[in-house]
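Spelled out from the first residue to the last, the chains are:
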Amino acid sequence: MTGPTGSGKTTTLYTTLKALATSEVNVCTVEDPIEMVEASFNQMQVQPGIDLSFADGVKALMRQDPDCPALPPLSRPTAMARAILSAFSA
């Protein structure tokens, strides 16, 4: 999803994730920062101060057995590799 600032990208994404999240569907996100707090799904914020990187977040997220993992755009090779390996293992 692309668009200029203020075009509704975040609102559209969160609305979609909220619609997917049910008692049967475990929706989990790894974010930096969390842009909207949403009670209907699990959100994790990257915390460099405690060595919680995107790659670590993806690893922790996969332990939650998500039905719908949501990740931000990834630019770091380690985070990309972990996300790809997690997708293949799911």
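Above this note sits the structure.
Residues numbered from 1 in each chain as written. Predicted model: local features only at pLDDT ≥ 70, side-chain atom pairs only at ≥ 80, totals over all residues. Heavy atoms only, no water.

### Side note on the packing of aromatic side chains
For the structure on display, the rule yields one aromatic pair. On the basis of an interplanar angle of 40° and a centroid distance of 6.0 Å, the ring pair of Tyr14 and Phe41 is categorised as tilted. Of the two residues, Tyr14 is situated in helix α1 (residues 9–20) and Phe41 in the loop between β1 (27–31) and β2 (42–45); the sequence distance between them amounts to 27 residues. Comparing Tyr14 with Phe41 shows no difference in burial state: the two are buried. (Phe/Tyr/Trp six-rings, centres within 6.5 Å; stacked < 30°, edge-to-face > 60°. Helix = DSSP H or I, 4+ residues; strand = E, 2+ residues; numbered from the N terminus. Buried < 20%, exposed > 50% of the residue type's maximum accessible area, 1.4 Å probe, protein only.)

### Here we look at the environment of Phe54
Residue placement: Phe54 occurs in helix α2 (residues 54–63). For Phe54, a relative accessible area of 10% puts it in the buried group. Taking the C-alpha atoms as reference points, Phe54 and Glu38, 16 residues apart in sequence, are found 20 Å from one another. When near neighbours in sequence (up to four residues on either side) are disregarded, Phe54 contacts Val30, Glu31, Asp32, Val46, Pro72, Leu74, Arg76 and Ala79. (Contact = heavy atoms within 4.5 Å.)

### A closer look at the side chain of Thr29
The residue Thr29 is located in strand β1 in this model. Judged by its relative accessible area of 3%, Thr29 falls in the buried class. A polar contact of 2.6 Å, which involves the side chain of Thr29, links it to the side chain of Glu31. Filtering out sequence-adjacent residues up to four positions away, Thr29 remains in contact with Leu17, Phe41, Asn42, Gln43, Met44, Leu61 and Ala70. (Polar contact = N/O pair within 3.5 Å; in protein donor to acceptor, adjacent residues only side chain to side chain.)

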